[in-house]
Amino acid sequence: MLTKNGSDRHEGRRPGAPPARSPERRLPYGSAMTLVFHWGGPRHGEVDELPAESLLSSTLVYDGPKWFGVYEQFQPVRKQPTAQGQAEVWVVRE
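The sections below set out a description of the structure shown in this document. For clarity, every value in this text was computed on a predicted model and none was experimentally measured. All residue numbers refer to position in the chain's written sequence, counted from 1. For a predicted model such as this one, the threshold for reporting local features is a pLDDT of at least 70, and the threshold for listing and counting side-chain atom pairs is 80 or more; totals across whole chains, interfaces and linings nevertheless cover every residue. Each side-chain value is derived from all of the structure's non-hydrogen atoms; neither hydrogens nor water enter the calculation.

## Here we look at the packing of aromatic side chains
Part 1 of the argument: Stacked, tilted and edge-to-face pairs are distinguished by plane angle, under 30 degrees for stacked and over 60 for edge-to-face with tilted covering the rest, among Phe, Tyr and Trp rings (Trp via its six-membered ring) whose centres lie within 6.5 Å. Taken as a whole, this structure holds 2 aromatic pairs when the rule is applied.
Part 2 of the argument: With 6.2 Å between their ring centres and 40° between their planes, Phe37 and Trp39 make a pair best called tilted.
Part 3 of the argument: On the basis of relative accessibility, which here comes to 45%, the residue Trp39 falls in the partly exposed class.
Part 4 of the argument: Our definition puts a charge over a ring when NZ of Lys or CZ of Arg is within 6 Å of the ring centre and also within 35 degrees of the ring normal. Looking at Arg43, its charged tip hangs above the ring of Tyr62, at a distance of 4.0 Å from the centre.
Part 5 of the argument: Its guanidinium or amino end placed over the ring of Phe74, Arg78 lies 5.8 Å from that ring's centre, counting from NZ or CZ. Throughout, exposure labels follow a simple rule: accessible area from a 1.4 Å probe, protein chains only, divided by the maximum for the residue type, with under 20% read as buried, over 50% as exposed, and the rest as partly exposed.

Next comes the structure, spelled out in structure tokens:
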């Protein structure tokens, strides 16, 4: 938006700042990340921080390029202490 003097100042933003993201590209308020500890399979012992949306299913599928595998949440839900914090345990499904 140009101001009266023709400058490129935008209200509420500093000059040169990138435009605000459109609402559909923003992460929803309160969206959470979950630490996952992998037990078994090619990712055994690895810890990943994954968006909660990717854990809505009962399975977690890795389809490459580095790893292939299917993991499911340990039942009853179990937490494992890791260097990054408490992580949910997901077990390789064979």
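Here the narrative resumes.
## Here's the deal with the nonpolar core
Part 1 of the argument: Here, the term nonpolar core denotes a set of buried Ala, Val, Leu, Ile, Met, Phe, Trp, Tyr and Cys residues that are joined through side-chain atoms within 4.5 Å. Within the largest apolar cluster, 8 residues are counted, these being Val36, Leu50, Leu55, Leu60, Tyr62, Tyr71, Trp90 and Val92.
Part 2 of the argument: Elements with a minimum of two residues in this core: strand 3 (59-63) and strand 6 (85-92).
Part 3 of the argument: Ignoring sequence-local partners within four residues, the contact set of Val36 consists of Glu46, Val47, Asp48, Leu50, Leu55, Leu60, Ala87, Glu88 and Trp90.
Part 4 of the argument: In terms of nonpolar packing, the next biggest core, distinct from the first, is built from 5 residues, Leu35, Val47, Ala87 and Val89 among them. Helix and strand definitions here come from DSSP, where helices need a minimum of 4 consecutive H or I residues and strands a minimum of 2 consecutive E residues; each element is numbered from the N-terminal end. Should any heavy atoms of two residues lie within 4.5 Å, those residues are counted as being in contact.

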